[in-house]
Amino acid sequence: MTTTTAAAAQANVTVATIRTWCRRGVIAATKQAGRWVIDTASLAHRITIGAIKRRRTHMDQAPAANTMASKGDTYVGRWPNAITSRIGISFEYIPEAMQRLGMLGDDSATRYRLVRKFYSEEPADEIAALTPEQAMQIVAELKTIQAEIRAAARTHCYCCGLPLNRYDECNECGDQ
């Protein structure tokens with residue numbers, strides 16, 4: 001028999017987790033004088049189960065190839081729309097971001113073909129070949145492009161020169 005503090009140290013979990021296990025019956029325990037008294041054999045069995053689960057999940061997570069293609073054609077086809085909608089920018093800027101990062105040449109036909117594939121949600125080879133790190137670089141570059149677009153936006157009314165409100169309207173002159 002052991003206490004919650006000793007059991008937590010042995011199982012490498014918090015005391016709150018041990019109490020939850022006791023309440024739920026995950027480990028055999030009884031309350032004596034308001035404190036949990038835990039059966040050591042039951043605790044040892046629970047620790048063994050946790051170790052087996054951790055080992056199994058680590059073995060299952062070995063990807064065949066660390067590219068976007070390993071997630072499947074549906075994921076690759078929808079990625080441009082999903083990412084850009086979260087950022088709040090058109091997916092038509094993805095080829096520009098890839099070009100800035102040196103992942104795509106200056107060929108306008110390739111850019112046009114990519115955008116066409118994004119509209120139809122077909123998987124593009126250029127996107128399928130990306131590693132997660134490259135995808136994150138594209139997302140960061142898209143955020144930079146978005147910031148540049150916002151910085152270039154008008155901030156003052158062209159009629160009276162007053163600052164525009166958050167809706168890009170002049171309080172004096174109205175919608176621009």
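Predicted model only: the values in this text are computed from it and were never measured.

Between the first and last C-alpha of helix α8 (residues 132-152) there are 30 Å, a value that for 21 residues agrees with the 30 Å anticipated at 1.5 Å per step. For α8, the set of buried residues is Ala-135, Ile-138, Val-139, Glu-141, Leu-142, Ile-145 and Gln-146. Considered in projection along α8, the buried side chains sweep an arc of 165° and stay on one side of the axis. Seen from the buried face of α8, the exposed residues on the opposite side, beyond 90 degrees, are Met-136 and Ala-151. Where α8 is buried, its residues touch α4 (73-87) and α5 (94-100).

Take the packing of aromatic side chains next. Scanning the entire structure with this criterion turns up two aromatic pairs. Plain terms: the ring middles of Phe-91 and Phe-118 are 5.9 Å apart, the flat faces sit at 90° to each other, and that makes the pair edge-to-face. Here Phe-91, found in the loop between α4 and α5, pairs with Phe-118, found in helix α6 (residues 108-120); they are 27 residues apart in sequence, far enough to count as distant. No difference in accessibility class separates Phe-91 from Phe-118, as the two residues are buried. With centroids separated by 4.9 Å and ring planes inclined at 75°, the aromatic side chains of Phe-91 and Tyr-119 adopt a geometry described as edge-to-face. One end of the pair, Phe-91, is in the loop between α4 and α5; the other, Tyr-119, is in helix α6, with 28 residues separating them in the sequence. Given a relative accessible area of 12%, Phe-91 falls into the buried group.

Here is what the cut-offs are and how they apply
- Residues numbered from 1 in each chain as written.
- Predicted model: local features only at pLDDT ≥ 70, side-chain atom pairs only at ≥ 80, totals over all residues.
- Heavy atoms only, no water.
- Helix = DSSP H or I, 4+ residues; strand = E, 2+ residues; numbered from the N terminus.
- Expected span 1.5 Å × (residues − 1).
- Buried < 20%, exposed > 50% of the residue type's maximum accessible area, 1.4 Å probe, protein only.
- Arc of directions from axis to C-beta.
- Contact = heavy atoms within 4.5 Å.
- Phe/Tyr/Trp six-rings, centres within 6.5 Å; stacked < 30°, edge-to-face > 60°.

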